[in-house]
Amino acid sequence: MSAPACSPSSSPSSFDIWVSAMPSAPRVRGDRQPRAVSGLRFAFYGRISTSEYQDPVSSRAWQLEAAQRLVAGRGRIVVEFFDPGASRSLPWVKRPQAAALLTAAAARDREFDAVVVGEFERAFAGGEARRVIETLRGFGVQLWLPEVEGPINLDEPDHRALLMLLGHQSQREVLRTRLRVRSAMAVQVREQGRHQGGRPPYGYQLVDAGPHPNQMQASWGRRRHRLEVDPVAAPHVRWIFARRLAGMSAAGIARELNERRIPSPGVYDRVRNPHRAQAVWTLRTVAAILANPRYTGRQVWNRQFTDHREAVPGDKRSSLGPVRIWNPRSDWVISEDRTHPALVSDDDFTAAQGITAQAVPENGSQRRYALTDLLICASCRRRLAGHWVNGRPGYRCRHGHTSAQPVSEDAPRWVYWSETRLVEQLIAGNAALADYSSASDVAAHLRRCDAVIVCGAGTVVIETADNQPITPRAVQAEHDAAETAEAAAEDVLTMKDRPQSGAEQDEHPDLRSSRAGRRSHRRQAARNPIRSHQDGDDCTCGGRSPEGKPDRSVSSCRLTERLCASGCGLDKPDPPSGATASPSVDALSTTGGR
């Protein structure tokens, strides 16, 4: 009789019982240490650089395991913070989860007592560790590192030295890896013509180029890629170069492509251009195609680099955000041989670059714009661009519009000024420019004053960096001469107004202070007469407008018949008996005072 078949509901086997049974207590040599039932509450922090090329699950697991081994018997991890895709060079305040950890640490009812990381390089680079430790210590939170097998104490010299060593080692690893990768990529492009990734240029498509040259990479199934002509987009690239060589502007080419309903690169390859919101051809798009040397059939790399705009070099906390900057042509890496079919010949490409770089008109005359970089649009705060019309220089702002697209009906009115009319209005409305007659002289004066011209539709206003009016009547030498003349005139007044006896001097104790006040105020007026009036002053020289309001544009207070005690030219009361009246400015001219 055969044995009955084993059903799923049968009793567990001896092996299953052995696996599920509690293991016996391990033998411990020496004195047995009591295991902590409760202890510190820890917050775990981990990080990986890229979520596309690294496995966040496995990386988080080994970092968490290392942290758990560190805190075993001392406490337990109660909360986790993990940053996938965050560079170690970023400060903690710019990492989402690290910033959340700092915010939680600052709370009075936080869930943890200390922070633990699985590896120093996963959390810090450079001097960031010490800054974070000091911040956490201010909150009463410790930081535990596996490298010290416990909490970091900045009061210990050994711990401070270890932090410096680990920070420099982490930074060295970053720089070393970057140098090796960039050097390898440059050799691959120059000698092998390898495609280094990224979107293919418009007019090309990526095709398979065989297995990866590295055997291990090839065993993983990785393949090489190369550029091949795109039969749909390539004819448009050839047409763009042909129209440029025929003399058409980049804006005109873009406008005609839009009129012909040709899909722009962002629309044609939407998968590789999800960040491009423009659905039409623009001037910059056409200019980028015309300037791309890869259309000659060569592979080109390192044309641009990322500038993080750090106020303190090397300190990512002071970064204003990354921007792409063009490298000098001497730093480009160009393949020695052609690596893909060319869409334009070498001669046509270089000829197109010559058209782009042409700076002299066909008649050979040079066009000069004296007020370049001094004009700001009052509407959109863009800088006005030079615009040559009817043989004369002018400036305009189209509020970001280019000729590549038609003007919309609700677009704001363009701002346009001819240079001649602009200079005439500036001189007529600003006493500081009265001594100038040419645009170059006006431009030089405004640059010395660190001033700009804000242009609107029919209005021009001069603004300085500190919102102060520009110095009147041109040059500082004239101001110095006026100050010297005022000092000489004051000496004449001092001699004429001196009391003849000690009794008279005691009778008029305010004469000396009045002269000092006049001298100080008149020197200030010589430097900046526009600001010599004070609101509420009743001036007989035109310091008030016909409506009775203070007029700050009047700058002739010094040239009145009588001088008041403040020195600005207002009517003053008759002097006390025994004091000599101050002579007028006109009288001073006859005595050599002015």
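Structure: see above.
Below or above, wherever it landed, is the structure these notes cover. Note that this is a predicted model, so its numbers are computed, not measured.

A few points about the sheet that holds strand E13 (residues 385-389)
Taken in spatial order, the three strands line up as E13-E14-E15 in an open sheet, and their pairing is antiparallel. Each edge of the sheet is formed by a strand with only one pairing partner; in this case those strands are E13 and strand E15 (415-418). Adjacent strand axes in the sheet meet at a mean angle of 30 degrees, parallel and antiparallel pairs treated alike. As paired elements, strand E14 (residues 392-397) and E15 share four bridges and run antiparallel to each other. Paired with Gly 394 across the bridge in E15 is Ser 418.

A word on the nonpolar core
Counting 27 residues, the largest nonpolar core has Trp 92, Phe 124 and Leu 136 as its most contacted members. Elements with a contribution of two residues or more to this core: strand E1 (40-48), strand E2 (75-84), helix H3 (96-106), strand E3 (114-117), helix H4 (120-123), helix H5 (128-138), strand E4 (142-145) and helix H6 (157-192). By size, the runner-up hydrophobic cluster in this structure holds 24 residues, among which are Trp 239, Leu 257, Trp 281 and Ile 289.

Description of the packing of aromatic side chains
Tallying each qualifying case throughout the model produces twelve aromatic pairs. For the ring pair Phe 81 and Phe 112, a centre distance of 6.5 Å and an interplane angle of 75 degrees mean the geometry is edge-to-face. In this pair, Phe 81 sits in strand E2 while Phe 112 sits in the loop between H3 and E3, placing the two residues 31 residues apart along the sequence. There is no split in this pair, since Phe 81 and Phe 112 are both buried. Consider the rings of Phe 120 and Phe 124, whose centres lie 5.3 Å apart with planes at 45 degrees: the pair is tilted. Of note, Arg 260 hangs over the ring of Trp 239, and the distance from its end group to the ring centre comes to 4.7 Å. Here Arg 398 stacks its cationic end above the ring of Trp 414, 5.6 Å away from the centre of that ring.

Details of the pattern of salt bridges
Scanning the model with the defined rule gives 13 salt bridges in all. Arg 41 is the salt-bridge partner of Asp 113, the closest N and O atoms lying 3.1 Å from each other. Taken together, the residues Asp 113 in the loop between H3 and E3 and Arg 41 in strand E1 connect sequence positions 72 residues apart. Taking relative accessible area as the criterion, Arg 41 reaches 31% and is therefore assigned partly exposed.

Topic: helix H13 (residues 419-429)
Within H13, burial applies to Glu 419, Leu 422, Val 423 and Leu 426. The buried side chains of H13 occupy one side of the element, clustering within an arc of 95 degrees when seen end-on. In this structure, H13 carries Glu 424, Ala 428 and Gly 429 as exposed residues pointing more than 90 degrees from its buried face. Against strand E12 (375-377), E14, E15, helix H14 (439-448), strand E16 (451-455) and strand E17 (460-464) lie the buried residues of H13.

Definitions and cut-offs
Residues numbered from 1 in each chain as written. Predicted model: local features only at pLDDT ≥ 70, side-chain atom pairs only at ≥ 80, totals over all residues. Heavy atoms only, no water. Pairing = 2+ DSSP bridges. Helix = DSSP H or I, 4+ residues; strand = E, 2+ residues; numbered from the N terminus. Axes fitted to C-alpha atoms, helices over the stretch in contact; angles between N-to-C directions. Core = buried A, V, L, I, M, F, W, Y, C linked by side-chain atoms within 4.5 Å. Buried < 20%, exposed > 50% of the residue type's maximum accessible area, 1.4 Å probe, protein only. Phe/Tyr/Trp six-rings, centres within 6.5 Å; stacked < 30°, edge-to-face > 60°. Lys NZ or Arg CZ within 6 Å of the ring centre and 35° of its normal. Salt bridge = Lys/Arg side-chain N within 4 Å of Asp/Glu carboxyl O. Arc of directions from axis to C-beta. Contact = heavy atoms within 4.5 Å.

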